[in-house]
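Observations on the three-dimensional arrangement
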Amino acid sequence: MTALRKRMLEELQRRRYSSQTIRLYLSAVHHFANYFGKRPDQLGPEHLRQYQLYLLNERKLAVGSVIARTSALRFFFLKVLRRSYREVDLVYPKRPERLPVILSEEEVARLIESASTSYHRVILMTLYGTGLRREELCRLKVTDVDSQRMVIHVRQGKGNKDRDVTLSPRLLEVLRAYWKWRKPKTYLFPSPYRRRVEQPIDSKTVWYAVREAARRAGITKKVSPHLLRHSWATHLLERGTDLKTIQALLGHIDLEATTIYLHLSQRHMQAVNNPIETLPISGLGSKPSLRPRKGE
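In this text the structure is predicted, and so the values were computed from the model without any measurement. (Residues numbered from 1 in each chain as written. Predicted model: local features only at pLDDT ≥ 70, side-chain atom pairs only at ≥ 80, totals over all residues. Heavy atoms only, no water.)

1. Details of the overall build of the protein
The following threshold applies: Counting from the N terminus, the helices are the DSSP runs of H or I reaching at least four residues and the strands are the DSSP runs of E reaching at least two. The buried label applies to any residue whose accessible area, calculated with a 1.4 Å probe on protein chains only, is under 20% of its type's maximum; exposed applies above 50%, and partly exposed to all values in between. Residue contacts are defined here by distance: any two heavy atoms, one from each residue, within 4.5 Å place the two residues in contact. The protein chains shown are the only cover counted for residues, whose accessible areas, like all others here, come from Shrake-Rupley with a 1.4 Å probe.
In terms of helices and strands, the protein carries 12 helices and 3 strands. Taking all 296 residues of the protein together, the buried fraction comes to 44%. Within the protein, contacts between residues at least 6 apart in sequence are counted, and of these 65% link residues at least 24 apart. Working note: accessible area of the protein is about 17,100 Å², and carbon and sulfur atoms make up 51% of it.

Structure representation (C-alpha cells):
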C-alpha cells in the first residue's frame, strides 16, 4: 500500500465511513490515476474535467455511478491533498428523476414461490418482509431477531445508524423453521464456506437469489434486491401505513429536522399491516431443499 493510499484510508476511517464506501472511494481514485497513467496527486483540475467527460460520454456510466466517483475524487483532493475548492473543478451531473419500477403483490408472491432453493426462499421473504437493504440483510445476526418485541434490529445500517423494523408473525414463523433446519449460530445467513470465524453471506448471493427467482417466475421487469424494498414500502403505503412510519422503517433521513427525532414506539410497530401476511405462499415449501448452486 502506498503512503498516499494509506493516508486516504486513514482519513476515511477517521470519519467512520462504512467499509463499502471506503472500498468504493479507494477504487475510484485508483481508476482515476490509471486512466492518466500518473499518481493521483500529480493530476489537477483539467484532468478532473476530462475524466468526468470520459465517464459520461465514453464509458456511459449511469449518473449515480458518476456521482459516486465524483464524491470520491472530491474527498481525495479536498480532505487528503488539502487542495482548495477553487482547484477542484468537479460538478455533480444532474440525476434524472425516475419513478422506480414496482412489483405487484401477486408478482412478489410469484417471485418467492419461484426461488431456486428453500434457502433462497427465506432470503427473499426476509428482504420483502422487512424492507432491508441487501448489505443490511447480509449482516443480520440471530440475536437481532427480537420475538418478544416483534422487531428486527438493524445494526449500523446506511449512515452508520441503528433502527428497528417490524417483524411480522408470518415471517417469524418462517425464520423459526429456518433456524431449526439450518441452525445458524452467529449470522442469520452465514457464508457456506467454512472459516475459522463465521462470516455473513456475500451480497452477491442475495443478488443472485433474486435475479434467478425472477427468471424462473417469468418476470420481465428488472428485478433486484432493492426493488423488493421499494415494493414493500409502496405496498405498506397502499395499505394505509403513514409516511413517517415507513420513513423510519426504511431508515430514510428527511430534510425536516423534527423527523430526526422520530422514534418508533411499540404502538407503531403493532399498527403496521405487513403485506407478507396475506401472500398466497407457504413457509419453507413442502420439502426444504438445498440444491448445491454456485455462489451460495
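2. What about helix H5 (residues 105–113)?
Turning to H5, its buried residues number three or more, namely Glu 107, Val 108, Ala 109, Leu 111 and Ile 112. The elements touched by buried residues of H5 are helix H6 (118–130), helix H9 (203–217) and helix H10 (225–238).

3. Description of the nonpolar core
Rules: By nonpolar core we mean a set of buried residues, namely Ala, Val, Leu, Ile, Met, Phe, Trp, Tyr and Cys, connected to one another through side-chain atoms within 4.5 Å.
Formed by 49 residues in total, the largest nonpolar core has its most connected members in Leu 111 and Phe 189. Sorting the residues of this core by element identifies H5, H6, helix H7 (134–138), strand E2 (151–154), helix H8 (169–182), H9, H10 and helix H11 (243–250) as the ones contributing at least two each. Formed by 27 residues, the second largest nonpolar core is a distinct cluster that contains Leu 9, Ile 22, Ala 28 and Phe 77.

4. Structural notes on the environment of Ser 71
On the secondary structure map, Ser 71 appears in helix H4 (residues 63–80). Placed 46 residues apart in sequence, Ser 71 and Tyr 25 show a C-alpha to C-alpha distance of 8.0 Å. When neighbours within four sequence positions are excluded, Ser 71 is seen to be in contact with Tyr 25 and Tyr 92.

5. Re the sheet that holds E2
What counts is decided by this rule: Here, strands pair whenever DSSP counts at least two bridges between them.
Strand order across the open sheet formed by 3 strands is E1-E2-E3, with antiparallel pairing between neighbours. Each of the sheet's edge strands pairs with one partner strand only, and the pair in question is strand E1 (145–146) and strand E3 (163–166). Both E2 and E3 contribute to a ladder of 4 bridges, which runs antiparallel. By the bridge assignment, Ile 152 is partnered in E3 with Val 165.

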